[in-house]
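Survey of secondary and tertiary structure
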Amino acid sequence: MTVLVRADASALLGSGHVARCANLGARLRALGRDVHFVCADIPETLRRQLLREGFPVHRISPWSDWQSDLAATRRVVEAIGPVSLIVVDHYALDARWESELRCGITQVMVVDDLADRPHDCDYLLDLAPGGDAAARYSHLVPEGTLTWFGPQYALLRPEFDAEDVCRDRDGIVRDILVYLGGGVTRADMLPLLCAIAESAPQDVRTKVLLGYAFPDPLDVARFVDGEPRIEVLEPTEQVLALVRWADLGIGACGGAGWERCAVGLPSIAVTTAANQTLNAAALRDAGAIKYLGPIEGVRMGDWESSIRELLGDPEQVRTMGIDAHDLTAGRRDRIREMVTILAAVGRD
């Protein structure tokens, strides 16, 4: 069975759409499925990473309209042969594109979290928390669509499925991990790094993980040069080791937010895109994060006061970690069930 993924990534979009589909693809490939990516926009570093992981990447022309995108994707399908499952993770595509691309026994899975347009799909995945997801999509998907809702279905890297990923934390912050993902710039990052340098004690270490689409990595590295407490890391696939290492996370509320939850990592959080708003509200209400709002409105003083507050309150930090882990409890079994269903698509 061949699976085709249609997703994009850029400095504006971030890399979350491609990343979560790659995590799904890794699980399907482990069950013997071939997985191909079709991308109109993708940073070269991320494209090379997909190739290293064994996923062919087919570049198509930059986005102009859904009809042109459909024609380009069809040409990829004709080139690679029969496709049994199409996974669509793209906010600009809807039922028109999905209906036209269906052929033969092809089935469609949509990954979405906006619930703002109709879909012609057999499967729908929305990771956004909240009990009203079924009602949000009731008029947007065909009757009989198999749906999976909530962070218990978060498509994290396969290594996050291990039983022992969560570690006990005593609430004392010795190590901080900063990972804001895509959609941020030097102007967003530097006030945060200044705040850490000003507010964190000398014995607290910070690692800054840049995303694949971060536009100014050298500027950030130069900025912290001479500050031994802060280390800037290039994009890596060793994310599990980093989030387990940290005692406090600082990040956004996209897919990386659920990675922090999976390991019980408390965090200071912002949103870097509008589609993260529901996640942020749920994480805040559960007590898993200290939420500062959209990143464009966060100032250096906001970062400083939040860092000082949590470093001075180990019990609050410890409790936040427990509450964070509870949000993704049971995820491993749910993911296994979902992947088993998808892997069976197209079998004779």
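Everything in this summary refers to the structure shown in the same document. (Residues numbered from 1 in each chain as written. Predicted model: local features only at pLDDT ≥ 70, side-chain atom pairs only at ≥ 80, totals over all residues. Heavy atoms only, no water.)

Things to note about helix α6 (residues 186-199)
Compared with the 20 Å implied by 1.5 Å per residue over 14 residues, the 20 Å span of α6 between its first and last C-alpha is a close match. Looking at α6, one finds that the buried residues are Asp-188, Met-189, Leu-190, Leu-192, Leu-193, Ala-195, Ile-196 and Ser-199. The inward-facing, buried residues of α6 contact β8 (175-179), β9 (205-209), α7 (217-223), β10 (230-233), β11 (248-251) and α11 (300-311). (Helix = DSSP H or I, 4+ residues; strand = E, 2+ residues; numbered from the N terminus. Expected span 1.5 Å × (residues − 1). Buried < 20%, exposed > 50% of the residue type's maximum accessible area, 1.4 Å probe, protein only. Contact = heavy atoms within 4.5 Å.)

Concerning the environment of Phe-55
Tracing the backbone shows Phe-55 in the loop between α2 (44-52) and β3 (57-59). On the basis of relative accessible area, Phe-55 is assigned to the buried category, the value being 1%. Sequence separation between Phe-55 and Val-35 is 20 residues; the distance between their C-alpha atoms is 6.1 Å. Apart from residues no more than four positions distant in its own chain, Phe-55 is found in contact with Ala-22, Gly-25, Ala-26, Arg-29, Val-35, Phe-37 and Leu-50.

Here we look at the pattern of salt bridges
Any two side chains of opposite charge can pair if their charged atoms end up close together. All told, the structure shown has 29 salt bridges when counted by the stated rule. Across the pair Arg-117 and Asp-112 runs a salt bridge, and its minimum N-O distance is 3.2 Å. The exposure class of Arg-117 is buried, given its relative accessible area of 7%. On the basis of relative accessible area, Asp-112 is assigned to the buried category, the value being 1%. Across the pair Arg-331 and Asp-161 runs a salt bridge, and its minimum N-O distance is 2.8 Å. Here the residue Arg-331 occupies a position in helix α13 (residues 331-343), and Asp-161 occupies one in the loop between β7 (146-149) and β8, the gap between them amounting to 170 residues. (Salt bridge = Lys/Arg side-chain N within 4 Å of Asp/Glu carboxyl O.)

Regarding the pairing of strand β1 (residues 2-7)
In terms of burial, β1 is a largely internal element, six of the six residues being buried. Side chains Thr-2, Leu-4 and Arg-6 project from β1 onto one buried face, and the interleaved Val-3, Val-5 and Ala-7 project onto a second face that is buried too. The pairing of β1 with strand β2 (residues 34-39) spans five bridges and is parallel. In the sheet register, Leu-4 faces β2, and the bridge partner there is His-36. Note on the crossover from β1 through helix α1 (residues 16-30) to β2: the handedness is right-handed. Both β1 and strand β4 (residues 85-89) contribute to a ladder of five bridges, which runs parallel. Its bridge partner lying in β4, Val-5 is registered against Val-87. (Pairing = 2+ DSSP bridges. Right-handed = clockwise from strand over helix to strand, strands pointing away.)

Thoughts on the packing of aromatic side chains
Throughout the structure, instances matching the rule amount to three aromatic pairs. For the pair Tyr-137 and Phe-149, a centre-to-centre distance of 5.8 Å together with 15 degrees between the ring planes defines the contact as stacked. Linking Tyr-137 in helix α5 (residues 133-137) with Phe-149 in strand β7, this pair joins segments that are 12 residues apart in sequence. One residue, Arg-29, lies across the ring of Phe-55, its end atom 4.5 Å from the ring centre. Lys-207 extends its terminal NZ or CZ atom over the ring of Trp-245, reaching a point 4.6 Å from the ring centre. (Phe/Tyr/Trp six-rings, centres within 6.5 Å; stacked < 30°, edge-to-face > 60°. Lys NZ or Arg CZ within 6 Å of the ring centre and 35° of its normal.)

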